[in-house]
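# Summary of the model geometry
If you want the building blocks of each chain, they are given just below.
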Amino acid sequence: MSTKQDDEIAQERLVDLAAEFYDQFASGEVPHMDIPTRTKSNIVFDEESKVWVYGDRTSTRSANSVRGARKLLKAAYAIEFLVNQLEADRSSTLRELYYLSESWDNEEAQFSSQDESNQLIEDLEIVSGVTREDFHMRPEESGATLMGPLELREQTRRGEREIHCQKDVGEGGYQIPNNPDTIDFLDHDIDFVLCVETGGMRDRLVENGFDEEYNCLVVHLKGQPARATRRITKRLHDELDLPVVVFTDGDPWSYRIYGSVAYGSIKSAHLSEYLATPEARFVGIQPEDIVEYDLPTDPLADSDVNALESELEDPRFETDYWTEQIELQLDIEKKAEQQALASRGLDFVTDTYLPERLSTMGVL
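Here goes a summary of the coordinates provided. (Residues numbered from 1 in each chain as written. Predicted model: local features only at pLDDT ≥ 70, side-chain atom pairs only at ≥ 80, totals over all residues. Heavy atoms only, no water.)

For the rest of this paragraph, the subject is the overall build of the protein. On a plain count of helices and strands, the protein comes out with 13 helices and 17 strands. Against the compact-globule benchmark of 21 Å for 364 residues, the protein has a radius of gyration of 23 Å, which places it among compact chains. The principal-axis extent of the C-alpha atoms belonging to the protein is close to 70 × 50 × 35 Å. When each of the 364 residues of the protein is scored for burial, the buried share is 51%. Nonlocal contacts in the protein, meaning residues at least 24 apart in sequence, comprise 73% of its contacts between residues at least 6 apart. Summing over all exposed atoms, the protein offers an accessible surface of approximately 17200 Å²; the carbon and sulfur share of this is 44%. Here the protein carries 36 positive and 75 negative side-chain charges, and the mean point of each set is 4 Å from the other. (Helix = DSSP H or I, 4+ residues; strand = E, 2+ residues; numbered from the N terminus. Rg over C-alpha atoms; globule rule 2.2 N^0.38 Å. Buried < 20%, exposed > 50% of the residue type's maximum accessible area, 1.4 Å probe, protein only. Contact = heavy atoms within 4.5 Å. Areas by Shrake-Rupley, 256 points an atom, 1.4 Å probe, with all protein chains shown as cover. Lys, Arg positive; Asp, Glu negative; His and termini not counted. Charge placed at Lys NZ, Arg CZ, Asp CG, Glu CD.)

Shown next, in the form of structure tokens:
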């Protein structure tokens, strides 16, 4: 899948933003930029699409104040940098952008922190309608990987190459690129996609040959999944019609990892339909597993209790299943990691736990 057209669209949209500022100046209008209000109160759960989206409230970045004028100045400098980057077919990281601003000739345009530059890139995504990947902006390396019976073609600076994500990779798997839309899926023997939170569990599954025995594509989420990981997971589901299951630890923060894969996150609400896979299902450690298998546990901290109580009010978890599991966890006051399954043997997770859970869910 070529991204040349995407690059051209991104460049055109950025130039249009700069031209809009110019037109506002020329007409005697105070330059401004309208964006959705990026607060929790303006994030709503869309019942139809089952993802987080922005609400109707907007805020205006206007040059009628010194603070607003500085924000627009920084936006103009960032737009110029991004357009030049696209013209040169180069890329940079979010961290590099923050430091690059130190070289800009106007000190007022320099960023005071990386949080500020990150937010500006997100603002530009929202108002332009294209993603930062199309700006050729990338985060620091996420290291998330795929392992399984998938053949793909990727674009590199040295041309295209075809890769089989079992036969042509080492035990570490195929590393997901920053922009998964540069990948074409060529062929596969995948029956389902298994997204795994931790590296230790991912390695256990691969060492035990779970991907080969069950025609499973193992996606290492590497904790809270990066955008690229969520994007390729969505593409695997939508384009190859594959079931997606998410295997995490048994604690409230891991439930939110599942939620970000399935329903999106508040931070990236403007991209939920691009990143989220609402059909994804949870196969992680359940509170009832802690009881049934008498797993080694840790006690819930106060922050865990508060998070669980918050999730009882979270529309992503307002189902009979999640209500039952969360209330049970609050009752037993315990949490457990994926690796706790090793207390029943190193092969228990691949020989018993996952096959039984996935069979019950109708995935196997």
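Right, let's get into the layout of surface pockets. By volume, the largest pocket amounts to about 1100 Å³. If you go around the largest pocket, you meet 33 residues; those closest to its centre are Gln-155, Thr-156, Arg-157, Asn-179 and Thr-182. Contributions of two or more residues to the lining of the largest pocket are made by helix H1 (4-26), strand E8 (150-156), strand E9 (159-164) and helix H7 (227-240). Tallied by class, the residues present in the lining of the largest pocket amount to 6 nonpolar, 12 polar and 15 charged. Volume-wise, the second largest pocket comes out at about 650 Å³. For the lining of the second largest pocket, the secondary-structure elements that each account for two or more residues are helix H4 (114-128), H7 and helix H8 (252-263). The element that contributes the greatest number of residues to the lining of the second largest pocket is H4, accounting for 4 residues. (1 Å grid on protein atoms, 1.4 Å probe; cavity = no way out; pocket = protein on both sides within 12 Å on 5 of 7 lines; lining within 4 Å. Points joined across faces, edges and corners; volume = space filled by probe spheres on them. Nonpolar A, V, L, I, M, F, W, Y, C, P; charged D, E, K, R; others polar.)

Turning next to the environment of Gln-11. Position of Gln-11 relative to the elements: it lies in helix H1. Along the sequence, Gln-11 and Ile-79 sit 68 residues apart, while their C-alpha atoms lie 9.1 Å from each other. Leave out the neighbours within four places in its chain, and Gln-11 touches Val-83, Leu-86 and Glu-87.

Let us look at the pairing of strand E14 (residues 244-247). Alternating positions in E14 separate into two faces, Val-244 and Val-246 on one and Val-245 and Phe-247 on the other, with burial throughout. Across 4 bridges, strand E12 (residues 192-196) lies against E14 in parallel orientation. What sits directly across from Val-196, in E14, is Phe-247. As judged from the 2 bridges shared by E14 and strand E15 (residues 281-282), these two strands associate in the parallel manner. Across the sheet, residue Val-246 finds its bridge partner in E15, namely Phe-282. (Pairing = 2+ DSSP bridges.)

Time to look at the pattern of salt bridges. Counted according to the given criterion, the structure contains 20 salt bridges. Here Arg-70 and Glu-108 are joined by a salt bridge, their closest N and O atoms 2.5 Å apart. With Arg-70 in helix H2 (residues 66-87) and Glu-108 in the loop between helix H3 (94-100) and H4, the pair connects residues that are 38 residues apart, well separated along the chain. On the basis of relative accessibility, which here comes to 37%, the residue Arg-70 falls in the partly exposed class. According to the relative accessible area criterion, Glu-108 is partly exposed, its value standing at 39%. Of the charged contacts, one joins Arg-204 and Glu-207 as a salt bridge, the two residues approaching to 3.3 Å between their closest N and O atoms. Placement of both Arg-204 and Glu-207 in helix H5 (residues 199-207) is noted, with a separation of 3 residues, approximately one turn of the helix. (Salt bridge = Lys/Arg side-chain N within 4 Å of Asp/Glu carboxyl O.)

Next up on the list: the pairing of strand E2 (residues 43-46). Regular strands place their side chains on alternate faces of the sheet. Judged by which residues are buried, E2 turns out to be one-sided: Ile-43 and Phe-45 face inward and are buried, whereas Val-44 and Asp-46, on the alternate face, are not. Pairing of E2 with strand E3 (residues 51-54) involves 4 bridges; the strand directions are antiparallel. Each bridged residue has a counterpart across the sheet, and for Val-44 the counterpart in E3 is Val-53.

This part takes up unusual backbone geometry. The backbone of Asp-89 shows a phi angle near 55°, a positive value even though the residue is not glycine. For Asp-89, the location among the structural elements is in the loop between H2 and strand E5 (92-93). Using a relative accessible area of 40% as the deciding quantity, one classes Asp-89 as partly exposed. The backbone phi angle of Lys-222 is positive, close to 60°, even though this residue is not glycine. Among the secondary structure elements, Lys-222 is positioned in the loop between strand E13 (216-220) and H7.

Strand order in the open sheet formed by 6 strands is E10-E7-E13-E12-E14-E15, and the pairing between neighbours is mixed. The open sheet terminates on both sides in strands that have one partner only, identified here as strand E10 (174-175) and E15.

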